Amino acid sequence: PLKSQEEIEKMRIAGKLASEVLDYITPFVKPGITTAELDTLCHDYMVNVQDTIPAPLNYAPPGYPPYPKSICTSVNHQVCHGVPGEKRLKSGDILNIDVTVIKDGYHGDTSRMYYIGEPGIQARRLCEITYESMWRGIEEIKSGKQLGDIGHAIQRFAESHGYSIVREFCGHGIGVKFHEEPQVLHYGRAHTGLKLEAGMIFTVEPMINAGKAPIRQMADGWTIVTKDHSLSAQWEHTILVTDSGYEVLTLSAGSPPKPAFRV
Ligand SMILES: CCc1ccsc1-c1ccc(O)c(O)c1
Ligand SMILES: [Mn+2]
Ligand SMILES: [Mn+2]
Ligand SMILES: [Mn+2]
């Protein structure tokens, strides 16, 4: 549903707070720390400093058990929904931290990639291309355009670099609920799908694999990995559709800059 001005203001606050969690955790993301330690640090910051609620904690979408932690941490060939645990991060790893906070009843959802020590050139390139793929999709957002324009832009850019798009998970509407309509696919055909309207708020969160698209779910009932064990990267922003284009709601002081689009 379209958000009112009051709701949009609350979503701006929630989105900024979510982004600030990723700023806060950045200096802790070093070789030797465990993803469970990162979860505790983020949880305590959200609850004790921000007075926000971590949306993932005990979140149970249909067919899933309640999620046991406050953030998602997906390392290397893990695609998404990685559960924080005793795994120590090591130099060369790439890590996605995905944060969703609830403030005053409204959700802010964002994720970033982090380099642990010195990842190799291939790992860095996947992270950089995935970041630009997300922005290529965001750049299509404008009242009157269609959802297919977003997916097509992401798919074309990522696949032109020899990467593959994960199809089983998508972006989503967001507001008083973590997940609302519409589904925002990260692939598709231009000039197809739902028309975008000012006041819509949804996430763009492409998962891109260095190898082939197929994924597998781990025995923990949560963690998704690439079937071919290739590296996977993801970035996520929460976006408001405006008449003139878009407004990114999940920006903060430490947000990486938008890439200069190489043609
Ligand atoms: C823990 C959160 C969760 C559980 C099942 S799907 C999911 C999830 C994780 C990150 C997201 O950005 C998202 O939209 C959903
Ligand atoms: Mn997220
Ligand atoms: Mn999301
Ligand atoms: Mn990954």
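Even after reading the chapter, I still don't get the packing of aromatic side chains, so can you show me in this structure?
Scanning the entire structure with this criterion turns up seven aromatic pairs. When the ring of Tyr-24 is compared with that of Phe-28, the centres are 5.3 Å apart and the planes differ by 55°; the resulting orientation is tilted. Looking at Phe-28, the relative accessible area reads 32%, which means it is partly exposed. Ring geometry for Tyr-131 against Trp-135: centres 6.3 Å apart, planes inclined by 80°, an arrangement best described as edge-to-face.

Please clarify how helix α2 (residues 35–50) should be interpreted in this entry.
Counting along an α-helix, one turn takes 3.6 residues, and residues three or four places apart therefore face a common direction. For α2, with 16 residues, the first-to-last C-alpha span of 21 Å sits near the 22 Å given by 1.5 Å per residue. Here α2 has its buried residues at Thr-35, Ala-36, Leu-38, Asp-39, Cys-42, Tyr-45, Met-46 and Gln-50. Residues of α2 that are buried make contact with α1 (5–25), β1 (53–54), β2 (72–75) and β4 (94–103). At the exit of α2 stands Asp-51, carrying a positive phi of roughly 55°.

Can you help me understand the sheet that holds strand β11 (residues 215–217) in this one?
Where strands meet in a sheet, backbone hydrogen bonds hold them as pairs that are either parallel or antiparallel. Strand order in the open sheet formed by three strands is β3-β12-β11, and the pairing between neighbours is antiparallel. The sheet is open, and its two borders are formed by β3 (78–80) and β11, each paired with just one other strand. Each strand axis lies, on average, 40° off the axis of its neighbour in the sheet, ignoring direction. Direction of pairing for β3 relative to strand β12 (residues 224–226): antiparallel, over a ladder of two bridges. Of the residues in β12, the one forming a bridge with Cys-80 is Ile-224.

Quick question: what am I supposed to make of the coordination of the manganese ion (ligand 3) here?
Ideal donor angles around a metal are set by the shape: a four-donor tetrahedron calls for 109.5 degrees, a six-donor octahedron for 90 or 180 degrees. Taken together, Asp-109 (OD), His-172 (NE2), Glu-205 (OE) and Glu-236 (OE) make up the protein donors of the manganese ion (ligand 3), found 2.1 to 2.2 Å from the metal. One can describe the donor arrangement at the manganese ion (ligand 3) as irregular, given that its six donor atoms subtend angles of 72 to 164° at the metal. In primary-sequence terms, the residues that donate to the manganese ion (ligand 3) follow D-x62-H-x32-E-x30-E. Separating the manganese ion (ligand 3) and the manganese ion (ligand 2) is a distance of 3.4 Å, and Asp-109 donates to both of them. Taken together, the positions of Asp-109 in strand β5 (residues 106–115) and His-172 in strand β7 (residues 171–173) put the pair 63 residues apart, joining distant regions of the chain.

Calculation criteria
Residues numbered from 1 in each chain as written. Chains lettered and ligands numbered in written order. Predicted model: local features only at pLDDT ≥ 70, side-chain atom pairs only at ≥ 80, totals over all residues. Heavy atoms only, no water. Phe/Tyr/Trp six-rings, centres within 6.5 Å; stacked < 30°, edge-to-face > 60°. Buried < 20%, exposed > 50% of the residue type's maximum accessible area, 1.4 Å probe, protein only. Helix = DSSP H or I, 4+ residues; strand = E, 2+ residues; numbered from the N terminus. Expected span 1.5 Å × (residues − 1). Contact = heavy atoms within 4.5 Å. Pairing = 2+ DSSP bridges. Axes fitted to C-alpha atoms, helices over the stretch in contact; angles between N-to-C directions. Donors = N, O, S within 2.8 Å, 3.2 Å for Na, K, Ca; no water. Tetrahedral: all angles 85-135°; square planar, octahedral: opposite > 155°, others 65-115°.

These values are about where atoms sit, not about what they do.
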